[in-house]
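These are the residues of each chain, in order.
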Amino acid sequence: MDMSRIRGDVTVSRPAAVRGLIVCLCWGPLCAVAALPDLPRTDGEFTIDGIMDEPSWADAIAIPVDIETRPGENTPARVDTVAYLVEDGESLYVAFDAKDAEPDKIR
């Protein structure tokens, strides 16, 4: 199928978008390991509830997510987004803070 002929908006489910961002964040640094800062380690506990109110998030690495691959193809992101990463020796915790002006339109 010739994909260059397909036109229109592409919609992506929220879980698919999160998986895509995680892949970008995980694979991208492997290409530039020398530039990768140390991942902060915490002994704090996290509640997975969508609210970043635990003190350990203050120590996390903040990585701007300024490029999108869907619906654009490596274009500047339309929504300011920051990914936060921190680990505890057993688990990697990743949180995203996306400043969408119209969150009620997210599907």
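Before reading further, recall that the structure is shown in the block above.
Residues numbered from 1 in each chain as written. Predicted model: local features only at pLDDT ≥ 70, side-chain atom pairs only at ≥ 80, totals over all residues. Heavy atoms only, no water.

(A) Region of interest: the packing of aromatic side chains. Summed over the entire model, instances satisfying the criterion amount to two aromatic pairs. Taken together, a centroid distance of 4.8 Å and an interplanar angle of 65° make the contact between Phe 46 and Trp 57 edge-to-face. With Phe 46 in the loop between helix H1 (14-27) and strand S1 (61-64) and Trp 57 in the loop between H1 and S1, the pair connects residues that are 11 residues apart, well separated along the chain. Within the aromatic cluster, the residues linked to one another by ring pairs are Phe 46, Trp 57 and Tyr 93. (Phe/Tyr/Trp six-rings, centres within 6.5 Å; stacked < 30°, edge-to-face > 60°. Helix = DSSP H or I, 4+ residues; strand = E, 2+ residues; numbered from the N terminus.)

(B) Expanded view of the side chain of Glu 87. Following the sequence through the fold, Glu 87 ends up in strand S4 (residues 80-87). No salt bridge is formed by the buried Glu 87; the nearest opposite charge belongs to Arg 41, separated by 4.2 Å. (Buried < 20%, exposed > 50% of the residue type's maximum accessible area, 1.4 Å probe, protein only. Lys, Arg positive; Asp, Glu negative; His and termini not counted. Salt bridge = Lys/Arg side-chain N within 4 Å of Asp/Glu carboxyl O.)

(C) Just the pattern of salt bridges, in detail. A complete count under the given rule lists three salt bridges for this structure. With a closest N to O distance of 3.1 Å, Asp 97 and Lys 99 form a salt bridge. Overall, the relative accessible area of 54% leaves Lys 99 in the exposed class. Among the ionic pairs, Glu 102 bridges to Lys 105, the shortest N-O distance being 3.2 Å.

None of the figures reported here should be taken as evidence of function without further support.
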